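# Descriptive analysis of the structure
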Amino acid sequence: RASSSYLQSHLEQLTSAPIANMVCDSAFRCDRDQQASMLGNVVLCGGGACIGPTDQAAPDLLREQIEAIIHTHTPGWRVKMLSPSIQERAICSWLGGSILASL
């Protein structure tokens, strides 16, 4: 329940912006022709991505929030969220670290 506050934009106690705002800011800092492809390949992983009552609660909520922000600037763009299964999502950072260490 504590990690769900990162998905909510109305909480003032956090020092950083909500995840949806960070994703949009990162995409908008890229070249205009690359922004659509960046938002079409958002990957959600890590332990905080496992929150919610169902496996797809966090990815669906984040996709809706990002699309709400995106459609104010560029209507019609679609956001595609990619997220592995919930068991793999919890250990993605360890998997990435082990792959990087094996290189």
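Attention in this report is confined to the structure presented alongside it. (Residues numbered from 1 in each chain as written. Predicted model: local features only at pLDDT ≥ 70, side-chain atom pairs only at ≥ 80, totals over all residues. Heavy atoms only, no water.)

This next bit is on a nonpolar patch on the surface. Among the surface-exposed residues, I91, W94 and L95 lie close enough to one another that they form a single nonpolar patch of about 340 Å² accessible area. Along the chain, W94 falls in helix α5 (residues 92-102). (Patch = residues over 30% accessible without salt bridge, like charges linked within 9 Å, V, L, I, M, F, W, Y side chains within 5 Å. Areas by Shrake-Rupley, 256 points an atom, 1.4 Å probe, with all protein chains shown as cover. Salt bridge = Lys/Arg side-chain N within 4 Å of Asp/Glu carboxyl O. Helix = DSSP H or I, 4+ residues; strand = E, 2+ residues; numbered from the N terminus.)

Relative to the helices and strands, Q35 resides in helix α2 (residues 32-39). In this structure Q35 comes out as buried when scored by relative accessible area, which is 5%. If near-sequence neighbours (up to four positions away) are discounted, Q35 is found in contact with A27, F28, C30 and W77. (Buried < 20%, exposed > 50% of the residue type's maximum accessible area, 1.4 Å probe, protein only. Contact = heavy atoms within 4.5 Å.)

With that out of the way, let us pick up the nonpolar core. Residues L39, L44, L62, I66, I70, V79 and M81 are the most contacted members of the largest nonpolar core, which totals 16 residues. Going through the elements one at a time, α1 (19-28) and α3 (57-73) are the ones with two or more residues in this core. (Core = buried A, V, L, I, M, F, W, Y, C linked by side-chain atoms within 4.5 Å.)

Applying the stated criterion to the full structure yields two salt bridges. Among the salt bridges present, the one from R63 reaches E67, with a minimum N-O distance of 3.5 Å. Of the two residues, R63 and E67 both sit in helix α3, four residues apart, roughly one turn of that helix. On the basis of relative accessibility, which here comes to 23%, the residue R63 falls in the partly exposed class.

One can find T54 in the loop between β1 (42-43) and α3. Judged by relative accessible area, T54 falls into the partly exposed class, the value being 47%. Spatially, the C-alpha atoms of T54 and I86 are 9.3 Å apart, while their sequence positions differ by 32 residues.

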